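# Remarks on the overall topology
In case you want the letters, here they are:
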Amino acid sequence: MDQPIKLSLEQQFSIRSFQTQVQQMSREQAQDFLVKLYEQMVMRETMYKQFLKYEWGLEPRAQE
């Protein structure tokens, strides 16, 4: 059976701090923030996929 991922105390604190910040936002601020956060998540995923392609030799590295 898979073990759930455990967060460090620092990560748990960071999540609680984030929660407090979000609760203090207006609805419009929170919606704007969510869109930006989602955009960052998509960009990070794309970067990871690109990195793995290079590391696994599925795509040549860009020449500088």
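Criteria and thresholds
Residues numbered from 1 in each chain as written. Predicted model: local features only at pLDDT ≥ 70, side-chain atom pairs only at ≥ 80, totals over all residues. Heavy atoms only, no water. Helix = DSSP H or I, 4+ residues; strand = E, 2+ residues; numbered from the N terminus. Rg over C-alpha atoms; globule rule 2.2 N^0.38 Å. Areas by Shrake-Rupley, 256 points an atom, 1.4 Å probe, with all protein chains shown as cover. Lys, Arg positive; Asp, Glu negative; His and termini not counted. Charge placed at Lys NZ, Arg CZ, Asp CG, Glu CD. Phe/Tyr/Trp six-rings, centres within 6.5 Å; stacked < 30°, edge-to-face > 60°. Buried < 20%, exposed > 50% of the residue type's maximum accessible area, 1.4 Å probe, protein only.

What follows is about the overall build of the protein. When you go through the protein residue by residue, the secondary structure sums to two helices and zero strands. Relative to the globule expectation of 11 Å for 64 residues, the C-alpha radius of gyration of the protein, 18 Å, shows a markedly less compact shape. Its C-alpha atoms give the protein principal-axis dimensions of about 45 × 35 × 25 Å. With an accessible surface of roughly 6800 Å², the protein has 57% of that area assigned to carbon and sulfur atoms. The distance from the centre of the 8 positive side-chain charges to the centre of the 9 negative ones in the protein is 5 Å.

Turning next to the packing of aromatic side chains. Using the criterion set out here, one finds one aromatic pair in the structure. An angle of 40 degrees between the planes, with centres 5.5 Å apart, marks the rings of Phe 18 and Phe 33 as tilted. Of this pair, Phe 18 sits in helix H1 (residues 9-23) while Phe 33 sits in helix H2 (residues 27-55), placing them 15 residues apart in sequence. For Phe 18, a relative accessible area of 34% corresponds to the partly exposed category.

By themselves these figures say nothing about function.
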